[in-house]
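# Survey of secondary and tertiary structure
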Amino acid sequence: MSRHLFDEEHEIFRDSVRAFMKKEIQPNSDRWHEEGIVDREAFLKAGKQGLLLMWADEKYGGAGVPDFRYEQVLIEENARFGDAGFFMTLHNRLVGPYIGELGTEQQKARWLPKCISGEHILAVAITEPGAGSDVAGIRTRAEDKGDHFLLNGSKTYTSNGINADLVIVVAKTNPESRHGLSLFVVDRGMEGFERGRNLKKMGLKSQDTAELFFNNVKLPKENLLGELHRGFYHLMHFLAEERLLGAVGYLAAADAAFDITMGYIQERKAFGQAIAEFQNTRFKMADMRTEIDVAQAFVDQCVLEHNRGELSADNAAKAKLFTSELEGRVMDDCVQLHGGAGYMDEYPISRMYLNARVSRIYAGSSEVMREIIARSVGLDPRKKKAQPPSASSRSAA
Ligand SMILES: Cc1cc2nc3c(=O)[nH]c(=O)nc-3n(C[C@H](O)[C@H](O)[C@H](O)COP(=O)(O)OP(=O)(O)OC[C@H]3O[C@@H](n4cnc5c(N)ncnc54)[C@H](O)[C@@H]3O)c2cc1C
């Protein structure tokens, strides 16, 4: 189905991104998969190409282009020709905007230029061993000591966790309040900041997902990002975009899997005919194509709404829920149509299947998405109990 949201400039940009992915990212994919981490140079190269934090003002080295469609192109091309573990988008649009929107002029001048050049890699650390969906339940503590904050606690499942130079850490600053959280920027090399294991995962093997530890880290006051005790609300503010980023990627992965499978079923033969000729195969492919196209129309609409500043939390949740569930179904059917080959690591569909499993869990699980959507249609048990409204579940990537 033809898409109507891109202009000629986006298509020209797409061509250049595709060439970048094919030249600089894809050839490293197998090695990164084995090593469990993406080369830092990948970010430097993306920076050199002008692909990082494109929304940032030119005075910091950005392109000053907030149009989300450029990020959409980056995500789509990375899904098809790059590497699923190359979390450039996490750096660009999931973490970078915390600095861009919440940072003071001084903080932006201090941090943005190196994020744009790729010298500094970004991560966000919300999840802890004891709290994931329930953000308000985190226990990492930052105590105000007058001229600095003292940070203690630990985080887990932090994407880009090993490579990151700047980590936005969510910590409790007001223990009296469930939502008394604040955001801090923790620099690589700060005393008391240590990295734990690069966690072994089912999929996304090339992505460094790590544990982080903070033992009496002395944080200068200038490292507080946004308002003190308002961290929870700051996090909620960025969730619609985070979910849309996810949706774009899950759908792009599903679409790529469809095309890979289309190639395979035409080549592979059984009982004297191509697998593609069986009615079951044709119907499966028809169902997948239908669902991907219908979902794409919704996601593209969400992108345009987001560009206008009108994307609602529930529509972003619908996009995230539907595309992540669809991606799971598509990957499963595509593996099935590959037969035994689909189970072999050397066939791309095998890795894509494993990578896709997390889409229903991170960036807010499917269950959390259903909660948000149910509330938006008026089914909110909290209101029945006459409790003050809060959006206490999320989550980050
Ligand atoms: C590969 C990977 C990368 C990640 N990257 C990051 C990162 O960069 N930064 C970061 O901070 N975090 C990151 N995470 C963490 C991720 O956001 C959390 O895993 C996710 O929010 C779920 O939290 P949890 O693991 O604690 O599960 P839990 O919250 O313990 O959930 C367990 C189950 O209970 C369900 N559940 C929870 N609450 C409800 C509810 N209210 N109603 C119904 N069901 C519910 C969940 O849906 C899930 O099925 C990452 C995770 C993974 C796997």
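Let us look at the structure shown here. Model, not experiment: these values are computed from the prediction.

## Thoughts on the pattern of salt bridges
- Within this structure, the stated rule accounts for 35 salt bridges.
- Lys23 serves as the salt-bridge partner of Glu24, at 3.2 Å between the closest nitrogen and oxygen.
- For Glu24, a relative accessible area of 17% puts it in the buried group.
- A salt bridge links Arg188 to Asp165; its shortest N-O distance comes to 2.8 Å. Of this pair, Arg188 sits in the loop between β5 (181-187) and β6 (193-198) while Asp165 sits in the loop between β3 (148-159) and β4 (166-172), placing them 23 residues apart in sequence.

## Focus on the packing of aromatic side chains
- Following the criterion strictly, the structure yields eight aromatic pairs and no others.
- Between Trp32 and Phe86, the aromatic rings sit 6.4 Å apart at their centres with planes inclined by 45 degrees, giving tilted as the arrangement. Of this pair, Trp32 sits in helix α2 (residues 29-35) while Phe86 sits in the loop between α4 (68-81) and α5 (88-102), and the two are 54 residues apart along the sequence.
- With 5.5 Å between their ring centres and 80 degrees between their planes, Phe232 and Tyr233 make a pair best called edge-to-face.
- Site record: aromatic cluster; members linked through ring pairs are Trp32, Phe43 and Phe86.
- Directly above the aromatic system of Phe258 lies the positively charged group of Arg289, at a separation of 4.7 Å from the ring centroid.
- In this structure, Arg329 packs its charged tip against the face of Phe322, placed 5.8 Å from the ring centre.

## Examining helix α8 (residues 239-267)
- With 29 residues, α8 should reach 42 Å at 1.5 Å per residue; the first-to-last C-alpha distance of 43 Å fits that figure.
- Here α8 lies mainly inside the structure; 23 of its 29 residues are buried.

## Details of the nonpolar core
- Counting residues in hydrophobic clusters, the biggest one holds 95 residues, and the most contacted among them are Tyr98, Ile168 and Leu225.
- If one sorts the elements of this core by residue count, α8 sits on top with 14 residues.
- For Leu225, the contacting residues outside a window of four places in its chain are Tyr98, Ile99, Leu102, Gly103, Gln107, Trp111, Ile168, Leu183, Phe184, Val185 and His234.

## Concerning unusual backbone geometry
- Phi at Tyr157 takes a positive value of approximately 55 degrees, unusual for a residue other than glycine.
- Mapped onto the fold, Tyr157 is located in strand β3.
- The phi dihedral of Leu204 is positive, around 45 degrees, even though this residue is not glycine.
- Within the fold, Leu204 resides in the loop between β6 and β7 (209-220).
- Under the relative-accessibility criterion, Leu204 is labelled buried at 8%.

Each value, and the rule that gives it
- Residues numbered from 1 in each chain as written.
- Predicted model: local features only at pLDDT ≥ 70, side-chain atom pairs only at ≥ 80, totals over all residues.
- Heavy atoms only, no water.
- Salt bridge = Lys/Arg side-chain N within 4 Å of Asp/Glu carboxyl O.
- Buried < 20%, exposed > 50% of the residue type's maximum accessible area, 1.4 Å probe, protein only.
- Helix = DSSP H or I, 4+ residues; strand = E, 2+ residues; numbered from the N terminus.
- Phe/Tyr/Trp six-rings, centres within 6.5 Å; stacked < 30°, edge-to-face > 60°.
- Lys NZ or Arg CZ within 6 Å of the ring centre and 35° of its normal.
- Expected span 1.5 Å × (residues − 1).
- Core = buried A, V, L, I, M, F, W, Y, C linked by side-chain atoms within 4.5 Å.
- Contact = heavy atoms within 4.5 Å.

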